[in-house]
Amino acid sequence: MLCDLHTHLLPGVDDGAADLSESLRLLSQEEACGVDTVVLTPHFKPQVQNSEDFFARRAAAFETLREGYSGPIEFRLGAEVLYSKYLANMERIGDFCIEGTDYLLLEMPYHAQFDEKTVRSVLRLFDEHGIRPILAHVERYDAVLRDVSILERFREGGCLFQVNAATVTRKGFFAGRFLKRLVKEGYLDLLGSDCHDPEHRKAEIAPAINRLRELFGEQIVREILGATEMVLSNQRW
Ligand SMILES: [Fe+2]
């Protein structure tokens, strides 16, 4: 089983697939990679969006996708929620989790201070709602680029870490060195394509899996697939 946990392929809801034809092209890329489950994670920005409106627009886009796609891929609804220190106060925060689970894909601001106050407000999601945050594309944040071990406090609090497939396949000395640190220190739990469009931000999980296998061996691939399975079956980490 292969799952893409982070996608923007629902048509017309965010800066991802603009229409159904782009969604379908992204889905054929997923199929070509052997993906059988796709989690639909459109952006939700609590600072500027209304939850009810988001859920209604997501449902309508999902209906369009289901009517237009007849392939074998199964879908789970989800969201990529932008961090706010008030997230735990939101009434329907649990409804943003990956469908059928208590796992929430959480995006941090790129320049966020990963200080104790921030960590605590993220961990309130678990303490008050039983929600398990998955930090989206951990390799994108300034603080993490400076020092990956800043993620340790999130890990102690039960968070999981997702890395984008394109980061894994990126060539170059610095990219390789950074990837090695992420893997060796255990900060690559889950992979996602974070696909937005079929040309520039494609749905390509398989090349990343092959590269991880090539660089670090079969074990890391098994661990990622195992962690993905745990998330989808809502087992405790
Ligand atoms: Fe994303």
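Please refer to the structure higher up on the page.
Presented here is a report on the structure given in the accompanying data block.

Reading guide: rules and limits
The numbers attached to residues start from 1 for each chain and follow its sequence in the written order. At least 70 in pLDDT is required for a residue's local features to be given in this predicted model, at least 80 for side-chain atom pairs to be given and counted, and no such filter applies to totals for whole chains, interfaces and linings, which use all residues. Buried residues are those with 20 or more other C-beta atoms within 10 Å of their own C-beta, exposed residues have 12 or fewer, and partly exposed residues lie in between; C-beta atoms are placed from the backbone. Strands are runs of DSSP state E lasting at least two residues, helices are runs of H or I lasting at least four, and both sets are numbered from the N terminus onward. Should DSSP find at least two bridges between two strands, the strands are regarded as paired. Linking buried Ala, Val, Leu, Ile, Met, Phe, Trp, Tyr and Cys residues through C-beta atoms within 7 Å yields a set, and such a set is a nonpolar core. We call two residues in contact if the C-beta atoms placed from their backbones are at most 7 Å apart. Here, axes are lines fitted to C-alpha atoms. For helices the fit covers the stretch in contact, and angles between N-to-C directions go from 0 to 180 degrees. Helix crossings get a hand from a simple test, with the near helix turned counterclockwise from the far one by less than a right angle marking a left-handed crossing and a clockwise turn marking a right-handed one. Classification convention: Asp, Glu, Lys, Arg as charged; Ala, Val, Leu, Ile, Met, Phe, Trp, Tyr, Cys, Pro as nonpolar; all other residues, Gly among them, as polar. Handedness of a crossover is defined as follows: with both strands directed away from the viewer, a clockwise route from the first strand across the helix to the second makes it right-handed. Roughly parallel means an angle under 35 degrees; roughly antiparallel means over 145; roughly perpendicular covers 65 to 115; every other angle is labelled oblique.

## Things to note about the pairing of strand 8 (residues 160–164)
Right, so step 1: Among the five residues of strand 8, five are classified as buried, and the element is accordingly described as predominantly covered.
Right, so step 2: Side chains Leu160, Gln162 and Asn164 project from strand 8 onto one buried face, and the interleaved Phe161 and Val163 project onto a second face that is buried too.
Right, so step 3: Pairing analysis gives two bridges linking strand 7 (residues 132–135) to strand 8, with the strands arranged parallel. Each bridged residue has a counterpart across the sheet, and for Ile134 the counterpart in strand 8 is Leu160.

## Quick word on unusual backbone geometry
One can expect most non-glycine residues to show negative phi and most peptide bonds to be in trans.
Right, so step 1: We note that Asp194 has phi near 55°; this positive angle belongs to a residue other than glycine.
Right, so step 2: For Asp194, the location among the structural elements is in the loop between strand 9 (190–192) and helix 8 (206–216).
Right, so step 3: We note that Asn234 has phi near 55°; this positive angle belongs to a residue other than glycine.
Right, so step 4: Tracing the chain through its elements places Asn234 in the segment after helix 9 (218–232).

## Thoughts on the nonpolar core
Right, so step 1: Ranked by internal contacts, the top residues of the largest apolar core, which has 61 residues, are Leu104, Leu106, Ile134, Leu135, Phe161 and Leu190.
Right, so step 2: Per-element tally for this core: the top contributor is strand 6 (residues 103–107), with four residues.
Right, so step 3: Sequence-distant contacts of Phe161, defined by excluding residues within four places in its chain, comprise Leu135, Val138, Leu151, Tyr187, Leu188, Asp189 and Leu190.

## A word on the packing of helix 1 (residues 20–32) against helix 2 (residues 51–68)
Right, so step 1: Look at helix 1 against helix 2: their axes get within 10 Å of each other, and the N-to-C directions meet at 65°. Crossing handedness for the pair helix 1 and helix 2: right-handed. Here Leu20, Ser23 and Leu24 of helix 1 come into contact with helix 2, specifically with Thr64, Leu65 and Gly68.
Right, so step 2: Broken down by class, the residue content of the contact of helix 1 with helix 2 amounts to three nonpolar, three polar and no charged.

## Considerations on the pairing of strand 1 (residues 3–7)
The side chains of a regular strand alternate, residue by residue, between the two faces of the sheet.
Right, so step 1: Within strand 1, five of the five residues are buried, which leaves it mostly tucked inside the rest of the structure.
Right, so step 2: As judged from the three bridges shared by strand 1 and strand 2 (residues 37–40), these two strands associate in the parallel manner. The residue of strand 2 that forms the bridge with Asp4 is Val38.
Right, so step 3: Handedness of the crossover joining strand 1 and strand 2 through helix 1: right-handed.

## Quick notes on the packing of helix 8 against helix 9
Right, so step 1: Closest axis-to-axis distance for the helix 8/helix 9 pair is 7 Å, and the angle between their directions is 140°. Put simply, helix 8 runs oblique to helix 9. Together, Ile209, Leu212, Arg213 and Phe216 of helix 8 and Glu218, Ile220 and Val221 of helix 9 make up the contact between the two elements.
Right, so step 2: Partitioned by chemical class, the residues of the contact of helix 8 with helix 9 number five nonpolar, no polar and two charged.

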